[in-house]
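Letter by letter, the chains look like this.
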Amino acid sequence: MSKVFIIGLDGATFDLIHPFIAQGFLPNLQSLISKGSSAELASTIPPVTASAWTSFMTGKNPGKHGLFDFMQRRENSYDLAPVSSFHRDGKAVWEIASEHGKKCIVMGVPVTYPPTPLNGLMVTGMLTPRGASDFTYPADLKNEIADAIGEYVVYSDEVYSKGRGEIFLNALHYSIQQRAKTAAYLLHKYEWDLGILVFPETDTVCHGLWWAYDATHHQHNQEDAAKFRDGIRDIYRDIDAYIGELVASLPSDTTILVMSDHGHGPLRNFLYVNNFLKQRGYLKIKNAPASQIKNLAFNAGLTPRTAYGMLLNMGLGKLRRTVDKRRAGRGLLKRFFLSLNDVDWENTRAYSIGYIGEVHINVKGREPRGIVERGAEYERVRDELMRDLRDLKLPNGEPLIEKIWKKEEIYHGAHLDDAPDILFFPKNLETIAFGDFEFGSNKILEPSYGVSSSHRMNGILIVQGDSIRPNHRFTQSPSLIDIAPTILHLFNLPVPRDMDGRVLSEMFLDARQVEFGGSAELERERGEAYSEEDEAQVLERLKDLGY
C-alpha cells in the first residue's frame with residue numbers, strides 16, 4: 001500500500017506562491033503543481049487556525065467538532081481559556097487510520113496538545129505551552145529527538161518588533177531547519193503509512209513582515225522595508241528547499257499533499273467589538289466605584305495600548321511579557337484597566353469573543369448570568385444587533401461589514417448552541433474584529449499596529465501522486481473539511497458518514513467508488529489541558545501574534 005505524506009504550510013497563499021514562482025523561486029512547489037492537481041482551499045468561517053486545523057483533521061464543520069476560535073468561555077463563567085485537544089469532539093483522521101492498522105507520524109499540527117495516543121508518533125504544534133515537556137507521544141520521543149537532532153522548536157518564541165527583525169527571521173529559519181531535520185529522521189527510522197508535517201513559519205512571518213513586502217501598507221517604512229522586504233519570500237524559499245529534500249527521499253509511489261488552513265493578506269484596522277457594543281448599550285459596565293473609576297480612566301485614554309506604547313517609547317517593550325507571564329500579572333492588569341471583570345452581566349445583552357467578527361448574545365440558561373430569553377426576544381436582539389453592525393463605517397465612509405450571518409447559516413451539529421450567535425466579515429478581511437481578551441483600546445476602529453497581515457479564506461491545495469491527474473485544476477472548489485475523507489479514500493478506507501467533507505474524486509486518474517463506514521463520533525471529556533502558568537503563557541503568545 002502506497003504512503004500519503006501531507007505538508008501543511010500554515011497560512012500559505014497562492015497570492016504569494018504564484019508571484020514567487022514567476023520570479024524564479026520555489027522550484028519544488030512549482031514541480032508539484034505542474035505534476036499534480038491544485039486549487040485554492042476554502043477555510044472555515046472564520047478562518048482562524050484553531051477551528052480550521054480541527055476541521056482539517058476531523059472532516060467536520062465547527063458545529064460538530066466544537067472549536068470556533070482559539071479561546072472559549074469556561075463552563076459556568078465568562079472567563080476565557082485557550083482550547084486544546086481535550087476540547088475536540090470527533091476523531092482525527094490519524095486516529096481513524098490508526099484503528100485500521102495504519103502507522104502514523106504526526107508533527108506540528110496545531111491544537112494537538114496535549115498529545116493523544118495513536119498507532120505511531122506525535123509531536124504537538126501551536127498552542128503547546130512554551131517549555132512544555134509533554135509535547136510528544138510516546139513521552140520519551142522528545143528525548144530521542146533531542147539526542148538525534150538537538151533542540152526542537154515546537155513554535156518559535158520570537159515575534160517581529162522594531163530592531164529585532166534579523167533575530168526574528170533567524171529564529172524562524174532555525175525552527176524550519178530543526179523541524180525538517182526531525183521529520184526526515186522520524187520518517188526514515190520508523191515505519192509509517194500516513195505522515196503529516198506542518199510548518200507554522202509561513203504564518204508567523206506574514207503576520208510580522210507583510211508591511212515590508214507590501215509597499216501600499218500603512219506601516220510600510222522605506223528604510224526598514226529595504227532590509228526585510230524579502231523576508232517572507234526567503235522563509236518560503238527555505239521551506240521549499242526542505243520540501244524538495246523530503247519528497248525526494250520518500251518512496252516514488254507516495255502521494256504528496258501540500259495544503260494550508262487559510263490564506264493571508266494585508267491588515268489595515270483593528271475593530272474593538274466590545275467597545276462598539278458598549279457604545280450602543282448592548283454591554284454595560286458595573287456601577288461599582290472601582291469599575292466606574294476604571295471606566296472613566298478608559299474613556300480618558302488610559303488603556304493597555306497606551307501603556308504599552310509608553311513602554312515601547314522608553315525601550316521597555318519586553319516588560320509586558322514579564323507582566324503577562326503569570327496569571328498574577330494578568331490579574332494586575334485587570335486591577336488597573338477596564339476588563340471583562342467589570343462588565344455588568346445582569347444588564348448586558350451581548351459581548352464578543354474572538355478575532356474575526358464573532359458576537360455572542362447573553363442568553364438566559366446558557367451564559368451563567370444570561371438575561372436574553374430564548375425565542376422571540378433572542379431573535380429580536382440578534383436582528384437589532386445585526387442592523388447596528390451593518391451601520392459600521394470605514395474611515396472613507398464605506399460600509400465596514402461585507403458579510404454577516406446568523407450562526408445556523410454557517411454551522412450545524414451538536415455544538416451549534418456554543419457557536420457565536422452572529423458572525424461577520426469586515427471588508428476584504430482587512431480588519432481584525434477584536435473581541436479582545438480585555439478592553440485593549442478605547443477606540444472602536446483604529447489603524448492596526450504591530451501585526452501587519454490577517455487571515456483570508458483562500459488557502460492552498462496541491463496533490464501529486466501516481467493516481468493523481470497531472471497539471472489539473474479543480475473545477476469544484478475544495479474545502480478544508482474535504483481533506484480527511486480524501487486521505488481515508490487514498491488508503492481505500494471507509495469514510496465515516498458523520499464527516500461533512502467529500503472525497504475529492506475529480507483529481508484521481510481513475511474513478512473509484514467511495515466507501516462509507518460508521519460514525520467517527522468521539523465525545524471527549526472537556527478537562528483542563530493547561531496549568532494556570534501554561535494557560536497564561538499561551539494567552540501571551542496569542543497576543544504577541546496579534547490574536
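Just above, that's the structure.
Residues numbered from 1 in each chain as written. Predicted model: local features only at pLDDT ≥ 70, side-chain atom pairs only at ≥ 80, totals over all residues. Heavy atoms only, no water.

*Asks:* Got a sec to walk through the side chain of Thr124? Specific residues and values, please.
*Replies:* You can see Thr124 is positioned in the loop between strand 6 (120-123) and strand 7 (136-137). Using a relative accessible area of 0% as the deciding quantity, one classes Thr124 as buried. Among the polar contacts made by the side chain of Thr124, one reaches the side chain of Thr128 at a distance of 2.8 Å. Setting aside residues up to four positions removed in sequence, Thr124 forms contacts with Gly108, Val109, Thr112, Tyr113, Pro114, Pro115, Phe135 and Val154. (Helix = DSSP H or I, 4+ residues; strand = E, 2+ residues; numbered from the N terminus. Buried < 20%, exposed > 50% of the residue type's maximum accessible area, 1.4 Å probe, protein only. Polar contact = N/O pair within 3.5 Å; in protein donor to acceptor, adjacent residues only side chain to side chain. Contact = heavy atoms within 4.5 Å.)

*Asks:* Could you give me a rundown of the packing of aromatic side chains, with the residues and numbers involved?
*Replies:* Scanning the model with the defined rule gives 18 aromatic pairs in all. Both rings, one in Phe20 and one in Tyr236, keep their centres 5.6 Å apart while their planes meet at 65 degrees; by these two values the pair is edge-to-face. Placement of the pair is Phe20 in helix 1 (residues 14-22) and Tyr236 in helix 10 (residues 231-249), with a sequence separation of 216 residues. For the pair shown, Phe20 and Tyr236 are each scored as buried. When the centroid spacing of 5.2 Å and the interplanar angle of 85 degrees are considered together, the rings of Trp53 and Phe56 count as edge-to-face. A residue pair is termed a helical-turn pair when its members lie 3 or 4 positions apart in one helix, as Trp53 and Phe56 do in helix 3 (residues 49-58) at three residues. (Phe/Tyr/Trp six-rings, centres within 6.5 Å; stacked < 30°, edge-to-face > 60°.)

*Asks:* So, the pattern of salt bridges: which residues are in play, and what are the values?
*Replies:* A side chain of one charge can pair with a side chain of the opposite charge if their charged atoms are brought near each other. If you walk through the whole model with that rule in mind, you get 27 salt bridges. Linking Lys189 and Glu144 is a salt bridge whose minimum nitrogen-to-oxygen distance equals 2.8 Å. Taken together, the positions of Lys189 in helix 7 (residues 165-189) and Glu144 in helix 6 (residues 141-148) put the pair 45 residues apart, joining distant regions of the chain. A salt bridge links Asp417 to Arg366; its shortest N-O distance comes to 3.8 Å. Of this pair, Asp417 sits in the loop between strand 14 (401-406) and strand 15 (422-426) while Arg366 sits in the loop between strand 13 (358-361) and helix 16 (376-390), and the two are 51 residues apart along the sequence. (Salt bridge = Lys/Arg side-chain N within 4 Å of Asp/Glu carboxyl O.)

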